[in-house]
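Listed here are the chains, written in short residue letters.
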Amino acid sequence: MNYEHKSIESKWQKIWQETSLADCDVSQTRDNFYNLCMYPYPSGDLHMGHIRNYTIGDVITRYKQKNGFNVLSPMGWDSFGLPAENAAIKTGIHPKKFTEERISNMRDQIQRLGSLYDWEKEVAAHDKDYYKWTQFLFIKLFENGLAYKDDAPVNWCTSCKTVLANEQVIEGGCERCDATVEQKNLNQWFFKISEYSEELLKGLDEIGDWPSNVKSMQENWIGKSKGAEFNLNILDTDLNFPVFTTRPDTLFGMTFAVLAPEHNIINEIIKISPSSEEIKKYIKKTNAKSEFERMSITKQKTGIDTGLYVLNPINGKKVSLFIADYVLVNYGTGAIMAVPGHDERDYEFAKVYNLPILQVIIDESHSINIDQEPFTERGVLINSEEYNNLNSHDEASDEILKYLKEKGIGEEKTIFRLRDWLISRQRYWGCPIPVINCSACGLVPESFDNLPVLLPEIDDYKNSEDSPLANSKEFINTSCPKCGIQCLRETDTMDTFVDSSWYFLRFLDSKNNDMPFNKEIINSWLPINQYIGGVEHAILHLLYSRFFIKALRDIGMVDVNEPFHNLFSQGMINFGGSKMSKSKGNVVDPESYFATHGADALRLYILFMAPPSDGVEWNDGGIEGTKRFLNKIWDNFEKMSSIEIVKHNELDAEIIRKINQAIFSVTNHLDKFEFNTAVSDLMKINIELTKYLSSTQAISKRTKDYIVFNICSLLYPFAPHIASELNNMYTSQNIAELSWPIFDETNLTDPTYELVVQINGKKRHTKIVNTGTSKEEAEKICEIEFKLDLKNYKKIIFVQDKIINFIG
RNA sequence: GCCCGGGUGGCGGAAUUGGUAGACGCGACGGACUUAAAAUCCGUUAUUCGAAAGGAUGUGGGGGUUCGAGUCCCCCCCCGGGCACCA
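Residues numbered from 1 in each chain as written. Chains lettered and ligands numbered in written order. Predicted model: local features only at pLDDT ≥ 70, side-chain atom pairs only at ≥ 80, totals over all residues. Heavy atoms only, no water.

1. Concerning the pattern of salt bridges
Counting across every chain of the model gives 35 salt bridges. Lysine 149 is the partner of glutamate 490 in a salt bridge, and the nearest nitrogen-oxygen pair spans 3.0 Å. You can see glutamate 490 sitting in the loop between strand S24 (486–489) and strand S25 (493–494) and its partner lysine 149 sitting in strand S5 (residues 147–157), a full 341 residues away along the chain. A residue is classified by how much of its surface remains accessible, and glutamate 490, at 5% relative accessible area, is buried. Overall, the relative accessible area of 25% leaves lysine 149 in the partly exposed class. Note that arginine 489 and glutamate 446 form a salt bridge whose closest N and O atoms lie 2.9 Å from each other. A residue pair is termed long-range when its members are at least 10 positions apart, and arginine 489 in strand S24 and glutamate 446 in the loop between strand S22 (442–445) and helix H13 (473–476) qualify at 43 residues. A relative accessible area of 5% places glutamate 446 in the buried class. Each member of the salt-bridge network shares a partner with another, and the members are Glu199, Arg546, Lys550, Arg553, Asp554 and Glu562. (Salt bridge = Lys/Arg side-chain N within 4 Å of Asp/Glu carboxyl O. Helix = DSSP H or I, 4+ residues; strand = E, 2+ residues; numbered from the N terminus. Buried < 20%, exposed > 50% of the residue type's maximum accessible area, 1.4 Å probe, protein only.)

2. Focus: the sheet that holds strand S34 (residues 762–770)
In spatial order, the strands read S34-S33-S36-S35; together these four strands make up an open sheet with mixed pairing. Only two strands of the sheet have a single partner each, and these edge strands are S34 and strand S35 (795–799). Averaged over all adjacent pairs, the angle separating strand axes in this sheet is 20 degrees, with direction ignored. The sheet contact formed by strand S33 (residues 752–759) and strand S36 (residues 803–807) spans four bridges and is parallel. Directly across from glutamine 758, in S36, lies its bridge partner asparagine 805. (Pairing = 2+ DSSP bridges. Axes fitted to C-alpha atoms, helices over the stretch in contact; angles between N-to-C directions.)

3. Structural notes on the protein's contact with RNA strand B
Of all residues adjacent to RNA strand B, which total 51 residues, the nearest are Thr246, Lys301, Tyr331, Arg345 and Met609. For RNA strand B, the fraction of atoms within 4 Å of the protein that belong to sugar or phosphate moieties is 59%. Contact between RNA strand B and asparagine 676: a phosphate oxygen at 2.9 Å from a side-chain N or O atom of the residue. Here lysine 802 contributes a side-chain N or O atom positioned 3.0 Å from a base oxygen of RNA strand B. (Near = heavy atom within 4 Å. Polar contact = N/O pair within 3.5 Å; in protein donor to acceptor, adjacent residues only side chain to side chain.)

4. Some remarks on the packing of helix H3 (residues 82–91) against helix H4 (residues 95–113)
With their axes 9 Å apart at the nearest point, H3 and H4 run at an angle of 125 degrees to one another. Judged by the angle between their axes, H3 and H4 are oblique. In the crossing of H3 with H4, the sense of the turn from one axis to the other is right-handed. In this structure, H3 contributes Ala84, Glu85, Ala87 and Ala88 to the contact, and H4 contributes Pro95, Phe98 and Thr99. Of the residues in the contact of H3 with H4, the class split is five nonpolar, one polar and one charged. (Parallel < 35°, antiparallel > 145°, perpendicular 65-115°, else oblique. Left-handed = near helix turned anticlockwise from the far one by under 90°. Contact = heavy atoms within 4.5 Å. Nonpolar A, V, L, I, M, F, W, Y, C, P; charged D, E, K, R; others polar.)

Quick look at the structure:
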């Protein structure tokens, strides 16, 4: 029979609300557990990814509550961002109205999933009471030298008409719209995340439980390289420039040097180079190329000979100086020593321009030569004077570095790939940068009393070269907070990743009108015990938030090193082979399942379908299975309610043991985030219950209570509505308020097991025997039962309560 | 190219420390109930030989360690994800 999921679910959601089950007193300082799901962008409707995220989060919330923790599980909205603005351009509806309607719709949907959230603490990034504090924190960073404005070559999306962070450029295109991204020189705001490169990297080792792939993605992104930096002198001039290399051991193999086309020293070179006209032409050509074109590794390398020379510092040899766009200005020093014999890119370039290629490393057996390709593996040095025969890489690098240091030419150097975080956006629907351009005082932050710098009402959201805010006279015209003269505001807004870098702090003190948050509360609640969200945020959001916490710590606003202790990344849910998206028309709408199958069945299915960290294909039939399971357990409980009560029933011992095993197994799986197998445990215990109920006509009161309490408790984190209702069939107690069941360690093993009899490692027979049967007893059983002659076997291996293996 | 994951029935996936491979669910097939269908219930379901009893094969491929390998070691192939002219 189908149980009435609709009425049951709304009934219990109401009860949880009325009993304030989700409300958390953050002033309490004992047994706190901060369980956080990544706050969503209000896209309009909940999708399966959200359902997966919030179901996992709720399982943890309810499980931890039952274990006595004071759980904080808040929810909010990452509500600034492009889609609302693009919609406004199209339809004329104000982004605020558009966004808030969507928030209210999604909030309803989230509530119907039955997850517990402390809505008292809800925040929304676009709310002026929130972005006031985003601006406050920006000013704090600015005052502490962690936010600065600088000219920089930036990524400009030709379609969104805005600057993008490096992280938002995917294969030369805009992350959002795929349009071509151009390089432009603009005056932009940056956060000094690069100052924390080393700490962000180290922190990954000290952090709690994070998925290894997320750690490795962050490591890759930070990109630490150890090597040497030394100066090259341009022959017959006093021009010097530094180069960076990770392979100082190959220094004798340098046969030319290369500068990036944007390198500062080129201005000087043009003055003295015999081929300055060609250089100018080459640089012009390079500028016209898109970032993607330049980065494409398939194209042939290009460059230009400056006609100038530099000296190899280790042997004084004169080599040519080139300019080439395969050298990147914003990595290392923007200049390299080229060792074509042992570097693929230099090799390729040398082939194109017919430059000498010198082998300075050879494999141990001296059989490798570099006629066809460079040799980049380990070996020993040749053609390197007194360094010959040293091992390449480490040993030789150390020695050559020592020489460079002694001579005062160079030094050890560690560089990072991570660059400063560009946060300016030339868009409307974001947090205004609270800075004023004063012709007398320079860049001046808005005074705290004047915060928030409100987003003005404007007629036209379209941006051209300037930000939309530049069109609002009321907005841009202001006076300098320092000297009072008339001046103009900054017109850019912040990257929305700034908003999401600190929202988890505001949750703890969301009503605070004097400060973004109270330091003491943050110190007692952070790091967040469990953070749960999609793997798509593995780099950006998680790295930025980590930076933010470290920056706020150094400013003195918190005493915490890392924001997130444990991180869980759920896999994506695909449908029809690709990621669900409205544009592809392959969206499975969770809302319809609330009506047809109920929230509990949907929750169970989404947990059961695969290990939660795996990506998975949506299968419509699967949810039928979890709904069937709920119907069956419902039927069992109804059947049990009409069963005769007796003092004692012999069959009880077994069902009690099976339930005890289930408590053990579900608890273990829950602790390890193995929700799929935890759900299968629940299904198994229901099969046992079905068997038990069909084989007995009577039950003892104690057994019945045991069954009800434990099955309802185990089911509760996963399918909380039906678990609460089933429990109420028998008692007026609310299952939500009872503690997590404890298993009896002495009652986990079954009294018998199936002994596997192997002969020479192959399974030949099985036999049900008593648990604890000794080797001798097992041998005797095999002699009698399977007519084995023990004399025929050299060796008998017996594994207690598992197998016996006769070797002969 | 580099760095992470991963490869088990028709499908999603289970398998403490090496110890009965395929739990649980979906699907399929057969049966019961029904005028019929749906729902529900019962049974079968890795492949293969066999009437059966029983045997052989089987966790991407090839080697190895072991009484015993999905699990450990070496080599190779394939798939997913991330990074990528990063010196």
